[in-house]
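Residue-level structural notes
For reference, the chains in residue letters:
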Amino acid sequence: MKLLITIVQDQDVPALIEALMEHDFRATKLASTGGFLRAGNTTLLIGVEDGRLELVQNLIKKTCKGRQQGDSHVSVGGATVFSVNVERFERI
Ligand code: 2BA
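Residues numbered from 1 in each chain as written. Predicted model: local features only at pLDDT ≥ 70, side-chain atom pairs only at ≥ 80, totals over all residues. Heavy atoms only, no water.

1. What about the environment of serine 83?
With respect to the helices, strands and loops of the structure, serine 83 is situated in strand 6 (residues 79-85). Among the residues examined, serine 83 registers a relative accessible area of 45% and is labelled partly exposed. For the pair serine 83 and methionine 1, spaced 82 residues apart in sequence, the C-alpha separation works out to 9.9 Å. What serine 83 contacts, discounting residues up to four positions off in sequence, is Lys2, Leu3 and Leu4. (Helix = DSSP H or I, 4+ residues; strand = E, 2+ residues; numbered from the N terminus. Buried < 20%, exposed > 50% of the residue type's maximum accessible area, 1.4 Å probe, protein only. Contact = heavy atoms within 4.5 Å.)

Structure representation (structure tokens):
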């Protein structure tokens, strides 16, 4: 199992969560702030079985778009994804 720590722009969150739920993925949504722009973004924690990784990566690619942020002309996203091995997963 992997934990995908997935940082996305707030505008893309509804479509991504809907796509994840449609495919029975579980996710936790955290409000976060980018260190560089100091603007709000969203971090999703998504626990994924290894066999379903490609599907979730495709859903992220499909729903998260790169954009210029405000007046800064800095390009942000689609998504920043950290993939971490999960040593143990329990639902108690
Ligand atoms: P921010 O830190 O607010 O960064 C927003 C965008 O600003 C980045 O988009 C990148 O295009 C640019 N940027 C960031 N740091 C920069 C720097 N030192 N010099 C020049 N340009 C810089 P993304 O790369 O798509 O990142 C979007 C958000 O993902 C980031 O928001 C941050 O919240 C997170 N992120 C990206 N890389 C990360 C990392 N290595 N570790 C932790 N969080 C990361």
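Moving on from the model shown.
2. What to know about unusual backbone geometry
Put simply, glycine 77 and glycine 78 share a cis peptide bond, and its omega is -10°. Residue placement: glycine 78 occurs in the loop between strand 5 (74-76) and strand 6. We note that aspartate 24 has phi near 60°; this positive angle belongs to a residue other than glycine. Turning to its location among the elements, aspartate 24 is positioned in the loop between helix 1 (13-22) and strand 2 (26-33). Since its relative accessible area comes to 65%, aspartate 24 is described here as exposed. Of note, arginine 38 is a non-glycine position whose phi angle comes to about 55°, a positive value. As for its position among the elements, arginine 38 is in the loop between strand 2 and strand 3 (40-48).

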